[in-house]
Amino acid sequence: MRRSLLMMLAVMFMTVCSAKDPKVLITYFSPTGTTKSLSQDLAKATGADLFEIEGAQPYTTDDVNLGNREARAFKEMADKSLRPEVKGKPDKLKSYDVVFVGFPIWGDAAPNIINSFIEGNDLKGKTVIIFSTSGSSNLTNSYNKLKDQYPDLNLVEGTTLKRNPTPEARQAVIDKLKETIPAK
Ligand SMILES: Cc1cc2nc3c(=O)[nH]c(=O)nc-3n(C[C@H](O)[C@H](O)[C@H](O)COP(=O)(O)O)c2cc1C
(Lines give C-alpha, C1' and ligand atoms only; values in the text may rest on other atoms or scores of the structure.)
Protein backbone atom coordinates (compact mmCIF):
# COMPACT_ATOMS: atom_id res chain seq x y z
CA MET A 1 0.00 0.00 0.00
CA ARG A 2 2.76 2.43 1.08
CA ARG A 3 4.85 1.39 -1.91
CA SER A 4 2.11 2.04 -4.44
CA LEU A 5 1.42 5.42 -2.84
CA LEU A 6 5.09 6.31 -3.17
CA MET A 7 5.04 5.13 -6.80
CA MET A 8 2.00 7.29 -7.48
CA LEU A 9 3.66 10.35 -5.93
CA ALA A 10 6.80 9.72 -8.00
CA VAL A 11 4.77 9.54 -11.23
CA MET A 12 2.89 12.73 -10.32
CA PHE A 13 6.19 14.50 -9.57
CA MET A 14 7.69 13.40 -12.90
CA THR A 15 4.58 14.53 -14.78
CA VAL A 16 4.68 17.99 -13.19
CA CYS A 17 8.39 18.34 -13.93
CA SER A 18 8.05 17.33 -17.59
CA ALA A 19 4.99 19.56 -18.36
CA LYS A 20 6.88 22.62 -19.59
CA ASP A 21 5.11 25.72 -20.83
CA PRO A 22 5.41 26.26 -24.59
CA LYS A 23 7.74 29.05 -25.71
CA VAL A 24 5.63 31.81 -27.25
CA LEU A 25 6.51 34.65 -29.64
CA ILE A 26 4.06 37.41 -30.53
CA THR A 27 4.74 38.99 -33.93
CA TYR A 28 2.66 41.90 -35.17
CA PHE A 29 2.35 44.50 -37.90
CA SER A 30 0.88 47.80 -36.75
CA PRO A 31 1.34 50.96 -38.80
CA THR A 32 -0.98 53.01 -36.56
CA GLY A 33 -0.30 51.39 -33.17
CA THR A 34 -3.54 49.56 -32.30
CA THR A 35 -2.24 46.05 -32.93
CA LYS A 36 1.03 47.00 -31.23
CA SER A 37 -0.68 48.01 -28.01
CA LEU A 38 -2.82 44.84 -28.00
CA SER A 39 0.30 42.74 -28.65
CA GLN A 40 2.16 44.40 -25.79
CA ASP A 41 -0.71 43.67 -23.38
CA LEU A 42 -0.91 40.09 -24.62
CA ALA A 43 2.83 39.74 -24.02
CA LYS A 44 2.38 41.00 -20.46
CA ALA A 45 -0.45 38.54 -19.88
CA THR A 46 1.46 35.55 -21.29
CA GLY A 47 5.14 36.32 -20.65
CA ALA A 48 5.75 35.91 -24.41
CA ASP A 49 8.45 37.65 -26.43
CA LEU A 50 7.59 40.32 -29.02
CA PHE A 51 8.69 40.99 -32.59
CA GLU A 52 7.35 43.91 -34.63
CA ILE A 53 6.89 43.19 -38.35
CA GLU A 54 8.01 46.44 -39.95
CA GLY A 55 8.43 47.38 -43.57
CA ALA A 56 12.02 47.70 -44.81
CA GLN A 57 10.42 50.80 -46.29
CA PRO A 58 8.50 52.06 -43.22
CA TYR A 59 4.73 52.65 -43.48
CA THR A 60 3.97 56.36 -43.10
CA THR A 61 0.66 57.99 -42.14
CA ASP A 62 0.16 58.83 -45.84
CA ASP A 63 0.67 55.15 -46.74
CA VAL A 64 -2.38 54.15 -44.67
CA ASN A 65 -4.56 57.17 -45.44
CA LEU A 66 -8.05 55.73 -45.95
CA GLY A 67 -9.06 58.90 -47.78
CA ASN A 68 -6.48 58.41 -50.53
CA ARG A 69 -7.15 55.53 -52.92
CA GLU A 70 -3.64 56.07 -54.38
CA ALA A 71 -2.02 55.34 -50.99
CA ARG A 72 0.46 52.47 -50.64
CA ALA A 73 -1.98 50.35 -48.58
CA PHE A 74 -4.57 50.50 -51.39
CA LYS A 75 -1.96 49.58 -54.02
CA GLU A 76 -0.98 46.57 -51.93
CA MET A 77 -4.60 45.57 -51.38
CA ALA A 78 -5.24 45.81 -55.14
CA ASP A 79 -2.29 43.54 -56.01
CA LYS A 80 -2.13 40.64 -53.61
CA SER A 81 1.00 39.33 -55.35
CA LEU A 82 3.06 42.26 -53.98
CA ARG A 83 5.43 41.25 -51.18
CA PRO A 84 6.67 44.32 -49.26
CA GLU A 85 10.07 43.56 -47.73
CA VAL A 86 10.15 43.00 -43.96
CA LYS A 87 12.84 44.67 -41.87
CA GLY A 88 14.86 42.01 -40.02
CA LYS A 89 13.82 38.65 -38.62
CA PRO A 90 12.89 37.40 -35.14
CA ASP A 91 15.80 36.12 -33.05
CA LYS A 92 15.99 32.35 -32.47
CA LEU A 93 12.67 31.65 -34.20
CA LYS A 94 13.53 27.95 -34.10
CA SER A 95 13.20 27.88 -30.32
CA TYR A 96 9.50 28.91 -30.28
CA ASP A 97 6.62 26.42 -30.17
CA VAL A 98 3.86 28.99 -30.68
CA VAL A 99 3.99 32.11 -32.87
CA PHE A 100 1.18 34.67 -32.80
CA VAL A 101 0.85 36.71 -36.01
CA GLY A 102 -1.18 39.89 -35.53
CA PHE A 103 -2.18 42.59 -38.03
CA PRO A 104 -4.78 45.25 -38.84
CA ILE A 105 -7.40 43.88 -41.23
CA TRP A 106 -7.06 45.63 -44.60
CA GLY A 107 -9.82 45.06 -47.14
CA ASP A 108 -11.11 42.03 -45.21
CA ALA A 109 -7.68 40.36 -45.47
CA ALA A 110 -4.24 40.29 -43.90
CA PRO A 111 -1.94 43.00 -45.33
CA ASN A 112 0.53 41.67 -47.94
CA ILE A 113 3.47 42.19 -45.55
CA ILE A 114 2.04 39.34 -43.48
CA ASN A 115 2.52 37.10 -46.54
CA SER A 116 6.09 38.37 -46.79
CA PHE A 117 6.67 37.54 -43.12
CA ILE A 118 5.13 34.06 -43.34
CA GLU A 119 7.02 33.22 -46.54
CA GLY A 120 10.31 34.62 -45.22
CA ASN A 121 10.38 32.66 -41.96
CA ASP A 122 10.16 28.94 -41.28
CA LEU A 123 6.95 28.45 -39.30
CA LYS A 124 6.47 24.75 -40.14
CA GLY A 125 5.78 22.57 -37.12
CA LYS A 126 4.80 25.52 -34.95
CA THR A 127 1.34 26.54 -33.81
CA VAL A 128 0.69 29.84 -35.60
CA ILE A 129 -2.14 31.81 -33.97
CA ILE A 130 -3.63 34.49 -36.21
CA PHE A 131 -5.16 37.58 -34.59
CA SER A 132 -6.07 41.08 -35.66
CA THR A 133 -7.51 44.48 -34.92
CA SER A 134 -10.15 46.03 -37.17
CA GLY A 135 -12.82 48.66 -37.57
CA SER A 136 -15.67 46.18 -37.64
CA SER A 137 -14.61 43.11 -39.67
CA ASN A 138 -14.35 39.70 -38.05
CA LEU A 139 -11.15 37.73 -38.45
CA THR A 140 -12.63 34.66 -40.17
CA ASN A 141 -12.32 35.78 -43.83
CA SER A 142 -8.75 36.98 -43.32
CA TYR A 143 -7.89 33.74 -41.52
CA ASN A 144 -9.48 31.55 -44.22
CA LYS A 145 -7.51 33.32 -46.95
CA LEU A 146 -4.25 32.64 -45.12
CA LYS A 147 -5.28 29.03 -44.47
CA ASP A 148 -5.86 28.56 -48.24
CA GLN A 149 -2.51 30.15 -49.06
CA TYR A 150 -0.51 28.16 -46.50
CA PRO A 151 -2.16 24.73 -46.15
CA ASP A 152 1.05 23.19 -44.76
CA LEU A 153 1.13 25.46 -41.73
CA ASN A 154 -0.68 24.78 -38.49
CA LEU A 155 -2.69 28.02 -38.49
CA VAL A 156 -5.16 28.61 -35.67
CA GLU A 157 -7.86 31.29 -35.75
CA GLY A 158 -7.54 33.66 -32.80
CA THR A 159 -9.85 36.65 -32.72
CA THR A 160 -10.05 40.33 -33.61
CA LEU A 161 -10.24 43.44 -31.45
CA LYS A 162 -12.77 45.82 -32.97
CA ARG A 163 -12.56 49.62 -32.84
CA ASN A 164 -13.39 51.46 -29.58
CA PRO A 165 -13.76 48.40 -27.35
CA THR A 166 -14.90 48.65 -23.75
CA PRO A 167 -12.16 47.67 -21.27
CA GLU A 168 -14.08 44.41 -20.70
CA ALA A 169 -14.21 43.60 -24.43
CA ARG A 170 -10.47 44.29 -24.74
CA GLN A 171 -9.71 42.04 -21.78
CA ALA A 172 -11.95 39.33 -23.27
CA VAL A 173 -9.85 39.40 -26.46
CA ILE A 174 -6.62 39.05 -24.45
CA ASP A 175 -8.11 36.21 -22.39
CA LYS A 176 -9.35 34.41 -25.50
CA LEU A 177 -5.97 34.69 -27.23
CA LYS A 178 -4.22 33.45 -24.09
CA GLU A 179 -6.55 30.44 -23.95
CA THR A 180 -5.71 29.61 -27.58
CA ILE A 181 -2.12 28.74 -26.61
CA PRO A 182 -1.97 24.94 -26.59
CA ALA A 183 -0.29 23.09 -23.73
CA LYS A 184 3.10 21.65 -24.71
C1 LIG B 1 -5.99 50.49 -45.85
C2 LIG B 1 -6.88 50.07 -44.72
C3 LIG B 1 -7.88 49.12 -44.93
C4 LIG B 1 -8.74 48.75 -43.89
N5 LIG B 1 -9.67 47.77 -44.12
C6 LIG B 1 -10.47 47.38 -43.09
C7 LIG B 1 -11.43 46.34 -43.28
O8 LIG B 1 -11.57 45.73 -44.34
N9 LIG B 1 -12.23 46.02 -42.22
C10 LIG B 1 -12.14 46.65 -41.01
O11 LIG B 1 -12.90 46.33 -40.12
N12 LIG B 1 -11.20 47.60 -40.80
C13 LIG B 1 -10.36 47.99 -41.79
N14 LIG B 1 -9.41 48.94 -41.57
C15 LIG B 1 -9.25 49.47 -40.20
C16 LIG B 1 -8.05 48.82 -39.46
O17 LIG B 1 -8.12 47.40 -39.53
C18 LIG B 1 -8.05 49.20 -37.99
O19 LIG B 1 -8.06 50.59 -37.85
C20 LIG B 1 -6.86 48.61 -37.25
O21 LIG B 1 -7.15 48.52 -35.88
C22 LIG B 1 -5.57 49.42 -37.42
O23 LIG B 1 -4.53 48.72 -36.75
P24 LIG B 1 -3.09 49.38 -36.48
O25 LIG B 1 -3.33 50.62 -35.62
O26 LIG B 1 -2.35 48.32 -35.72
O27 LIG B 1 -2.49 49.73 -37.78
C28 LIG B 1 -8.57 49.33 -42.60
C29 LIG B 1 -7.58 50.30 -42.40
C30 LIG B 1 -6.74 50.67 -43.45
C31 LIG B 1 -5.66 51.69 -43.20
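Residues numbered from 1 in each chain as written. Predicted model: local features only at pLDDT ≥ 70, side-chain atom pairs only at ≥ 80, totals over all residues.

Asker: I'd love a proper account of the site of the ligand, names of residues and values included.
Answerer: As a matter of local geometry, the ligand sits amid 20 residues, with Ser30, Thr32, Thr34, Thr35 and Pro104 nearest to it. Ranked by residues supplied to the shell around the ligand, first place goes to helix 2 (residues 34-46) with three residues. By residue class, the composition of the shell around the ligand is seven nonpolar, 11 polar and two charged. (Near = placed C-beta within 6 Å. Helix = DSSP H or I, 4+ residues; strand = E, 2+ residues; numbered from the N terminus. Nonpolar A, V, L, I, M, F, W, Y, C, P; charged D, E, K, R; others polar.)

Asker: Before we move on, can you summarise the pairing of strand 2 (residues 49-52) with the specific residues and values?
Answerer: By the bridge criterion, four bridges tie strand 1 (residues 24-28) to strand 2 in an arrangement that is parallel. When the bridges of strand 2 are listed, Ile26 appears paired with Leu50. As for the winding sense of the linkage, the β-α-β connection from strand 1 through helix 2 to strand 2 is right-handed. (Pairing = 2+ DSSP bridges. Right-handed = clockwise from strand over helix to strand, strands pointing away.)

Asker: Provide a residue-level description of the environment of Lys89, including the pertinent values.
Answerer: If you trace the backbone, Lys89 turns up in the loop between helix 3 (72-78) and strand 3 (98-104). Since 12 C-beta atoms lie within 10 Å of it, Lys89 is described here as exposed. Distance from Lys89 to Ile53, taken between C-alpha atoms, is 8.3 Å for residues 36 residues apart in sequence. (Buried ≥ 20, exposed ≤ 12 C-beta atoms within 10 Å, placed from the backbone.)

Asker: How would you sum up the nonpolar core? Please name residues and give values.
Answerer: Of all hydrophobic cores here, the largest spans 34 residues; its most connected members are Val99, Ile114 and Ile130. Secondary-structure elements contributing two or more residues to this core are strand 1, helix 2, strand 3, helix 4 (112-120), strand 4 (127-134), helix 5 (140-149), strand 5 (154-162) and helix 6 (167-180). Among the elements that line this core, the one with the most residues is strand 3, at five residues. In this view, Ile114 contacts Phe29, Val101 and Phe103; residues no more than four positions away in its chain are not counted. (Core = buried A, V, L, I, M, F, W, Y, C linked by C-beta atoms within 7 Å. Contact = placed C-beta atoms within 7 Å.)

Asker: Which residues make up the packing of helix 2 against helix 6, and what values do they have?
Answerer: Here helix 2 crosses helix 6 at 55°, and the two axes come no closer than 10 Å. As far as their axial angle goes, helix 6 and helix 2 are oblique. In terms of crossing hand, the pair formed by helix 2 and helix 6 is right-handed. Residue-level inspection shows Asp41, Leu42, Ala45 and Thr46 of helix 2 in contact with helix 6, the latter providing Ile174, Leu177 and Lys178. Across the contact of helix 2 with helix 6, the residue classes tally to four nonpolar, one polar and two charged. (Axes fitted to C-alpha atoms, helices over the stretch in contact; angles between N-to-C directions. Parallel < 35°, antiparallel > 145°, perpendicular 65-115°, else oblique. Left-handed = near helix turned anticlockwise from the far one by under 90°.)

Asker: Describe unusual backbone geometry, and please don't skip the residues or the numbers.
Answerer: Glycine aside, residues mostly have negative phi angles, and peptide bonds mostly take the trans form. Although it is not a glycine, Lys92 adopts a positive phi angle of roughly 50°. Relative to the elements of secondary structure, Lys92 occurs in the loop between helix 3 and strand 3. The class for Lys92 is exposed, based on 10 C-beta atoms found within 10 Å. Of note in the backbone geometry, Asp108 takes a positive phi value of approximately 60° without being a glycine. If you trace the backbone, Asp108 turns up in the loop between strand 3 and helix 4. What makes Asp108 partly exposed here is the crowd of 14 C-beta atoms within 10 Å.

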